[in-house]
Amino acid sequence: DAGVSALAGALRVNQSLEKLVLQYTGLSAEGASALASVLYVNHSLKELDISGNRISDAGVSALAGALRVNQSLEKLGLGSTGLSAEGASALASALRVNHSLKKLNIRKNKIPDAGVSALAGALRVNQSLEKLVLTSTGLSAVGASTLASALCVNHSLKELNISGNMIRDAGVSALAGALRVNQSLEKLGL
């Protein structure tokens, strides 16, 4: 993480870099925290993808804290990062107040129903998120139903991908009901 700390130091003063991809680089929770500290002061970074790094809930929570104040980041990739209910809840809390994030990818993390419920609650009030990727997260029929309920009141989400999950007929039926009301969703991956 010494390299990431040096990179974070540079990004505190650099105001031209817009995209940073650090996939599968061995980044830890400490490195994610260093990157999170950058998001408090950097206003040029629009896309950050640290998928494939085991930053766990601690690293995700640090990033979520920064998202509460950062208003420039538009895309965040956190696939395969060891995120669970705690990290999902931290992200949900940030989504309630963040107005810039448009795309959130948290695929291939084990997120139980409690984490999905927190995210669904955030979707009820967030009006900037346009794409949410929850593929292969262990989403159940209960989680799909919770998301469907949020879709009934959310007007910004255009794409939801929950493929690779066992949502069963009950989850599909709940989503079908939400589609009768929702007028913003353009793509749905089951």
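Note: the structure precedes this text.
Residues numbered from 1 in each chain as written. Predicted model: local features only at pLDDT ≥ 70, side-chain atom pairs only at ≥ 80, totals over all residues. Heavy atoms only, no water.

**Re the nonpolar core**
And then number 1: Ranked by internal contacts, the top residues of the largest apolar core, which has 55 residues, are L78, L91 and L104.
And then number 2: Broken down by element, this core gets its largest block of residues, six residues, from helix α2 (residues 29–39).
And then number 3: Ignoring anything within four residues of it in the chain, the contact list for L91 reads V60, A64, L67, L76, L78, L83, L104, I106 and L119. (Core = buried A, V, L, I, M, F, W, Y, C linked by side-chain atoms within 4.5 Å. Buried < 20%, exposed > 50% of the residue type's maximum accessible area, 1.4 Å probe, protein only. Helix = DSSP H or I, 4+ residues; strand = E, 2+ residues; numbered from the N terminus. Contact = heavy atoms within 4.5 Å.)

**A word on the side chain of N70**
And then number 1: With respect to the element layout, N70 can be found in the loop between α3 (56–67) and β3 (75–77).
And then number 2: Judged by relative accessible area, which is 2%, N70 ranks as buried.
And then number 3: Separated by 2.9 Å, the side chain of N70 and the backbone oxygen of L39 make a polar contact.
And then number 4: A polar atom in the side chain of N70 sits 2.8 Å from the backbone nitrogen of S72.
And then number 5: Contact partners of N70, with chain neighbours within four places excluded, come to L39, N42, N98 and S100. (Polar contact = N/O pair within 3.5 Å; in protein donor to acceptor, adjacent residues only side chain to side chain.)

**With respect to the environment of S156**
And then number 1: As for its position among the elements, S156 is in the loop between α6 (141–151) and β6 (159–161).
And then number 2: Judged by relative accessible area, S156 falls into the buried class, the value being 9%.
And then number 3: Residues S156 and N126, 30 residues apart in the sequence, show an inter-C-alpha distance of 7.9 Å.
And then number 4: Engagement of the side chain of S156 in a polar contact is seen with the backbone oxygen of L129, the distance being 2.9 Å.

**Comments concerning the environment of L190**
And then number 1: The residue L190 is located in the segment after β7 (187–189) in this model.
And then number 2: For the pair formed by L190 and L175, sequence separation is 15 residues and the distance between their alpha carbons is 9.9 Å.
And then number 3: The residues touching L190, leaving out its near neighbours within four places in the chain, are I162, S163, G164, I167 and L175.

**Thoughts on the sheet that holds strand β4 (residues 103–105)**
And then number 1: In spatial order, the strands read β1-β2-β3-β4-β5-β6-β7; together these seven strands make up an open sheet with parallel pairing. Looking at which strands have only one partner, the edges of the open sheet turn out to be β1 (19–21) and β7. When the angles between neighbouring strand axes are averaged without regard to direction, this sheet yields 0°.
And then number 2: Bridge count between strand β2 (residues 47–49) and β3: three bridges; the pairing is parallel. By the bridge assignment, D49 is partnered in β3 with G77. (Pairing = 2+ DSSP bridges. Axes fitted to C-alpha atoms, helices over the stretch in contact; angles between N-to-C directions.)

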